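The chain contents come next:
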Amino acid sequence: MNLLLLSNSRSPDGSYLTHATDLVRELAGTRTKALFLPFAGVTTTFDEYTDKVQQALAPAGLVLTGAHTVKATDIGRFELVIVGGGNTFQLLRESRQRGWLRAIRNAVAAGTPYMGWSAGANLACPTICTTNDMPITDPGGFEALGLIDLQLNPHYNNALPPGHQGETRDQRIAEFLVANPDTTVFGLPEGDWLRVRGQQIRFEGPFPGRLFTAGQPSTDIAAPATLAG
């Protein structure tokens, strides 16, 4: 496994993927041919989304091909898989229907690097059940790529606006763990990422994350830290 899982794409200053450029260079090495899954894009076309990410990652030397323009059987043409953020339910539906789940799972197991942010990070988990997104479409099941054993909650933030009567993020994750007690969830704040090499999962970034297990108090984890392996 050779994975880079980011919480978010946009920095506080509004720049797009600039905080990830060096990380992408390290992940890709000498690889340049990247497959990009734009399927989480809802309010933009897949072509527009692919072009946007191509411009952002050009400084890292990557040349992107949108997965909507090729078939899953073409996976061998690519040296790197990149999965963008957006709506996780649409991402999973399109990936499943187009045959990309099995193709990507096999390619990554064989050593192809994988990068995903937000919904793309969720897709690397066993399921998408810890996404923050609305279920705007039926994904045909919640099972995802299963590249890591952890469930991620990208954009993690437990703040509650004054006067808001809805659940906090921690409360929603606690509900998930009641229904799924054998699962571990990691809250990944914006600006942070996971770097996976083989069985080792390293947590990196400027902000503490939070680890959740059923029946136990949640634990704040300062980066850098090894979560597994």
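Preceding block: the structure.
Residues numbered from 1 in each chain as written. Predicted model: local features only at pLDDT ≥ 70, side-chain atom pairs only at ≥ 80, totals over all residues. Heavy atoms only, no water.

Here the focus is the environment of Phe212. Note that Phe212 resides in strand 10 (residues 209–213). Along the sequence, Phe212 and Ile82 sit 130 residues apart, while their C-alpha atoms lie 27 Å from each other. Those residues within four positions of Phe212 in sequence are excluded, and the remaining contacts are Tyr156, Asp170, Ile173, Leu177, Thr183, Thr184, Val185, Gly187 and Ser218. (Helix = DSSP H or I, 4+ residues; strand = E, 2+ residues; numbered from the N terminus. Contact = heavy atoms within 4.5 Å.)

A word on the sheet that holds strand 8 (residues 193–197). Strand order in the open sheet made by the eight strands is 3-2-4-5-1-8-9-12, with mixed pairing throughout. Since the sheet does not close on itself, it has two edges, and those belong to strand 3 (63–66) and strand 12 (225–228), each with one partner. Averaged over all adjacent pairs, the angle separating strand axes in this sheet is 20 degrees, with direction ignored. Taken together, the five bridges between strand 1 (residues 2–6) and strand 8 define a ladder with antiparallel strand orientation. Residue pairing for strand 8: Asn2 is matched across the bridge by Arg197. (Pairing = 2+ DSSP bridges. Axes fitted to C-alpha atoms, helices over the stretch in contact; angles between N-to-C directions.)

This part takes up unusual backbone geometry. The amide bond that connects Ala223 to the next residue, Pro224, takes the cis arrangement and shows omega of 0 degrees. Locating Pro224 in the fold gives a position in the loop between strand 11 (219–221) and strand 12. In this model, Leu17 sits at a positive phi of 60 degrees, which is unusual for a non-glycine residue. The residue Leu17 is located in the loop between strand 1 and helix 1 (21–28) in this model. Of note in this structure, Ser118 is not a glycine but carries a positive phi near 55 degrees. Counting through the fold element by element, Ser118 comes out in the loop between strand 5 (114–117) and helix 5 (119–123).

Turning next to helix 1. All of the buried residues in helix 1 are Thr21, Leu23, Val24, Leu27 and Ala28. Burial along helix 1 is one-sided: seen end-on, the buried residues are contained in an arc of 160 degrees. Structurally, helix 1 contributes buried residues whose contacts are with strand 1, helix 2 (46–57), strand 4 (80–83), strand 5 and strand 8. Phi turns positive, to about 65 degrees, at Gly29, one or two residues after helix 1. (Buried < 20%, exposed > 50% of the residue type's maximum accessible area, 1.4 Å probe, protein only. Arc of directions from axis to C-beta.)

What follows deals with the sheet that holds strand 11. The four strands lie next to each other as 6-7-10-11, forming an open sheet whose pairing is mixed. This sheet does not close on itself; its edge strands, each paired only once, are strand 6 (151–154) and strand 11. This sheet shows a mean twist of 25 degrees between the axes of neighbouring strands, independent of strand direction. Strands in contact with helix 6 (residues 169–179) are strand 6, strand 7 (184–188) and strand 10; relative to strand 10, the strand with the most contacts, it is inclined by about 30 degrees.

One way to say it: the disulfide is the covalent bond shared by the sulfur atoms of two cysteines. Within this structure, the stated rule accounts for zero disulfides. Left unpaired, Cys125 is separated from the closest cysteine sulfur, that of Cys129, by 10 Å. Accessibility expressed as a relative area gives 36% for Cys129, which makes it partly exposed. (Disulfide = S-S within 2.5 Å.)

Take the pairing of strand 3 next. With burial as the criterion, only one face of strand 3 is covered, namely that bearing Leu64 and Gly66; the residues Val63 and Thr65 on the opposite face remain uncovered. One ladder, built from four bridges, connects strand 2 (residues 33–37) with strand 3; its direction is parallel. Following the sheet pairing, Ala34 is matched in strand 3 by Leu64. Read as a crossover between parallel neighbours, the route from strand 2 over helix 2 to strand 3 is right-handed. (Right-handed = clockwise from strand over helix to strand, strands pointing away.)

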